[in-house]
Amino acid sequence: MDYGLVLLFSLFQALSMGTAAPLPVEVVTMKSKVKWMAEQLVVRLDKDVQVPVNWTLNPPADDLDGTSSIVTVLNGYNSLIPDTFKGVSQIKYDISSLTGYIHLWRQGHCSEQRPKPEVPGPLQELQSHKEFIQTVGIEALMRVKEFLNLLLKNLDQLETC
């Protein structure tokens, strides 16, 4: 047996496992744009939204499961934020811009179209209490902020269609 060939094959296999394929430039660009948009939105939420001091969110945050779930969750919360809240029109516009950008990117880059994701539990719970518009609106704003912070920590979810 030729040990040189075995050694060469082992070396090739080790090198191929140790080097990851670089992300395409368009994915890196998309992730950095989404990161910038999300960061700007979190800053705006901090600045413009007055939340009662002792307000807590139950149940825990919505899950991230790729671009389709990100768009579904953000659109769902955006629909629950009343236009009557002071300073909220720009926030709603920014949420729409972010979801629109992710949706368009997804349409152009995801060959496999996954079925529309189910509405997650926390969002579904809020949607069932629409009659309490003020309370639901405040919680929706808080959940958008929480969701954006989760997205900023998990930008790799943007690579999943």
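Residues numbered from 1 in each chain as written. Predicted model: local features only at pLDDT ≥ 70, side-chain atom pairs only at ≥ 80, totals over all residues. Heavy atoms only, no water.

Points about the overall build of the chain
Selection criterion: For helices the rule is a DSSP run of H or I covering at least 4 residues; for strands it is a run of E covering at least 2, with both sets numbered from the N terminus onward. The buried label applies to any residue whose accessible area, calculated with a 1.4 Å probe on protein chains only, is under 20% of its type's maximum; exposed applies above 50%, and partly exposed to all values in between. Any two residues having at least one pair of non-hydrogen atoms within 4.5 Å are treated as being in contact.
Tallying secondary structure elements over the chain gives 6 helices and 0 strands in all. Its helices and strands in sequence order give the chain the pattern α-α-α-α-α-α, from N to C terminus. In the chain, buried positions account for 37% of the 161 residues. Sequence separation of at least 24 residues holds for 86% of the intrachain contacts in the chain that already meet a minimum separation of 6.

Side note on the packing of helix 3 (residues 66-80) against helix 4 (residues 88-109)
So the rule is basically this: Where helices are involved, their axes are fitted lines through C-alpha atoms of the stretch in contact, as for all axes, and angles between N-to-C directions lie from 0 to 180°. An angle below 35 degrees is treated as roughly parallel, one above 145 as roughly antiparallel, one from 65 to 115 as roughly perpendicular, and anything else as oblique. Helix crossings are classified by the rotation of the near helix relative to the far one: an anticlockwise turn of less than a right angle makes the crossing left-handed, while a clockwise turn makes it right-handed. Residue polarity is assigned by list, with Asp, Glu, Lys and Arg as charged and Ala, Val, Leu, Ile, Met, Phe, Trp, Tyr, Cys and Pro as nonpolar; anything else, Gly included, falls into the polar class.
The N-to-C vectors of helix 3 and helix 4 enclose an angle of 155°; their axes lie 10 Å apart at closest approach. When the axis of helix 3 is compared with that of helix 4, the two are roughly antiparallel. Classified by chirality, the crossing of helix 4 by helix 3 is left-handed. Taken together, the residues of helix 4 that come into contact with helix 3 (itself represented by Thr 67, Ser 68, Ile 70, Val 71, Leu 74, Asn 75 and Asn 78) are Lys 92, Ile 95, Ser 96, Leu 98, Thr 99, Ile 102, His 103 and Arg 106. Per-class residue counts for the contact of helix 3 with helix 4 are 6 nonpolar, 7 polar and 2 charged.

Remarks on the packing of helix 2 (residues 25-48) against helix 4
Direction vectors running N to C along helix 2 and helix 4 enclose 165°, while the axes themselves pass 10 Å from each other. Viewed along their axes, helix 2 and helix 4 adopt a mutual orientation that is roughly antiparallel. For the element pair helix 2 and helix 4, the recorded crossing hand is left-handed. Facing helix 2, whose interface residues are Glu 26, Val 27, Thr 29, Met 30, Lys 33, Val 34, Met 37, Leu 41, Arg 44, Leu 45 and Asp 48, helix 4 presents Gln 90, Ile 91, Asp 94, Ile 95, Ser 97, Leu 98, Tyr 101, Ile 102, Trp 105 and His 109. Looking at the contact of helix 2 with helix 4, its residues break down into 12 nonpolar, 4 polar and 5 charged.

Regarding the state of the cysteines
Cut-off, in case you're wondering: What counts as a disulfide here is a pair of cysteine sulfur atoms lying within 2.5 Å.
One pass over the structure, following the stated rule, counts 1 disulfide. One disulfide bridge connects Cys 110 with Cys 161, the sulfur atoms lying 1.9 Å from each other. With the S-S bond torsion at -90°, the cross-link from Cys 110 to Cys 161 turns out left-handed. In this pair, Cys 110 is assigned in the loop between helix 4 and helix 5 (121-127) and Cys 161 in the segment after helix 6 (133-153), connecting sequence segments 51 residues apart. The exposure classification of Cys 110 matches that of Cys 161, with both residues buried.

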